[in-house]
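# Topology and contacts: notes
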Amino acid sequence: MLREVRPAIVLLLVLTAITGLAYPLAMTGIAGAIFPAKAQGSLIEKDGKVVGSALIGQEFKDDKYFHGRPSATLAPDPNDSTKTVPAPYNAANSGGSNLGPTSKALADRLKEDVDRLKTENPNAAVPVDLVTTSASGLDPDISPEAAQFQVPRVAKARNMSEDSLKQLVASNTEGRLFGLLGEPRVNVLALNLALDRASAK
């Protein structure tokens, strides 16, 4: 019996060493050598301190900053562990709201958000990504149209010209990958950091 079991045990140990140890270590080393910033989480620093990641959105509520997409992520309620509370961009609980097109709660929230945004910029159509959540709830990017929509509010809050802010948005807009894949986008954290630098001049 030992003769039949021994090859299975040896094969298990060899495959565990290859697929569970050697392969992950090799891929980590290669990724770190070829893409060091991405392998470390695409971290963004300000004054030598990490302030976020280019891959995970953050909540900005102040009028002097550009705002990202709404996030539907949740966290346990600290007062009642059987309930959850909104926790925007909670990377530990990535996910969407799962509310469908016939959901009254979704329709009410969308209407409330659109009405609020129309008070900020009544002459422009509200971009859809400013009122809809992403599937992950962690989307760090918005469309260039969503950033341009917010220019009047940010310009007023910072006492800056709208033209200078429009140029800042344009300079922080990333194009399609290889000119073909995806859509143009603006990383909200990177844009807000550029905005702080521009305001400090």
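Throughout this description, residue numbers start from 1 for each chain and increase along the sequence as written. Confidence filtering applies because this is a predicted model: local features only for residues at pLDDT of at least 70, side-chain atom pairs given and counted only at 80 or more, and all residues used for totals across whole chains, interfaces and linings. The side-chain numbers reported here are obtained from all heavy atoms of the structure, hydrogens and water having been left aside.

## Some remarks on the domain arrangement of the protein
- An automatic or database domain assignment is the source of the domain bounds shown. According to the domain assignment, the protein consists of domain 1 (1–40) and domain 2 (50–199).
- Each of domain 1 and domain 2 has a C-alpha centre, and these two points are 40 Å apart.

## Notes on unusual backbone geometry
- Phi is positive for Asp47, which is not a glycine, with a value near 55 degrees.
- For the purposes of this entry, the term helix denotes a DSSP run of H or I that reaches at least four residues, the term strand denotes a run of E that reaches at least two, and both are numbered from the N terminus. Following the sequence through the fold, Asp47 ends up in the loop between β1 (43–46) and β2 (49–53).
- For Asn159, which is not glycine, the phi dihedral falls at a positive 55 degrees.
- With relative accessibility at 74%, the residue Asn159 sits in the exposed group. Each residue gets one of three labels from its accessible area relative to the maximum for its type: buried under 20%, exposed over 50%, partly exposed in between, using a 1.4 Å probe on protein chains only.

## Focus: helix α3 (residues 104–120)
- Here a helix's expected span is defined as the number of its residues, less one, multiplied by 1.5 Å. For α3, spanning 17 residues, the distance from its first C-alpha to its last is 25 Å, which sits close to the expected 24 Å at 1.5 Å a residue.
- All of the buried residues along α3 are Leu106, Asp113 and Leu117. The arc that holds every buried residue of α3, seen down its axis, measures 40 degrees, which confines them to one face. Exposed side chains of α3 directed beyond 90 degrees from the buried face belong to Lys104, Lys111, Glu112 and Thr119.
- Whether two residues are in contact is decided by their heavy atoms: any pair within 4.5 Å suffices. Where α3 is buried, its residues touch α4 (144–149).
- You can read the cap of α3 off the contacts: a side-chain oxygen lies 3.4 Å from the backbone nitrogen of Ala105, and it is on Ser103. By definition, the arc is the one covered by directions from the helix axis to the C-beta atoms. Identification of polar contacts relies on pairs of N or O atoms within 3.5 Å, with a donor-acceptor requirement for protein atoms, meaning one able to donate a hydrogen and the other able to accept it, and with residues adjacent in sequence counted only if both atoms are side-chain atoms.

## Description of the packing of aromatic side chains
- Only the six-membered ring of Trp is used, alongside the rings of Phe and Tyr, when aromatic pairs are assigned; centres must lie within 6.5 Å, and planes under 30 degrees apart are stacked while those over 60 apart are edge-to-face, with the rest tilted. Within this structure, the stated rule accounts for one aromatic pair.
- Geometrically, the ring pair formed by Phe60 and Tyr65 is tilted, given 5.6 Å between the ring centres and 40 degrees between the ring planes. Of the two residues examined, Phe60 and Tyr65, each falls in the buried class.
- Two limits define a charge over a ring: the Lys NZ or Arg CZ must be within 6 Å of the ring centre, and within 35 degrees of the ring normal. Taking the ring centre of Tyr65 as reference, the NZ or CZ of Arg158 above it sits at 4.8 Å.

## Here's the deal with the packing of helix α5 (residues 151–158) against helix α6 (residues 162–171)
- Packing of α5 against α6 brings their axes to within 9 Å, and their N-to-C directions diverge by 120 degrees. Between α5 and α6, the interaxial angle falls into the category oblique. By crossing handedness, the relation of α5 to α6 is classed as right-handed. On the side of α5, the interface is formed by Val151, Pro152, Val154 and Ala155, while α6 contributes Glu162, Leu165, Lys166 and Val169.
- Across the contact of α5 with α6, the residue classes break down as six nonpolar, no polar and two charged. Angles shown run from 0 to 180 degrees and are taken between the N-to-C directions of axes, each axis being a line fitted to C-alpha atoms and, for helices, limited to the stretch in contact. Here the angle decides the label: under 35 degrees means roughly parallel, over 145 means roughly antiparallel, 65 to 115 means roughly perpendicular, and every other value means oblique. Helix crossings are classified by the rotation of the near helix relative to the far one: an anticlockwise turn of less than a right angle makes the crossing left-handed, while a clockwise turn makes it right-handed. Amino acids outside the nonpolar list (Ala, Val, Leu, Ile, Met, Phe, Trp, Tyr, Cys, Pro) and the charged list (Asp, Glu, Lys, Arg) are all regarded as polar, and Gly is one of them.

## Here's the deal with the packing of α6 against helix α7 (residues 188–200)
- The geometry of α6 relative to α7 is characterised by a closest axis approach of 10 Å and an angle of 135 degrees between their N-to-C directions. One finds that α6 runs oblique with respect to α7. Remark: the crossing between α6 and α7 carries right-handed chirality. Across the interface between the two elements, Leu165, Leu168 and Val169 of α6 pack against Leu191, Ala194 and Leu195 of α7.

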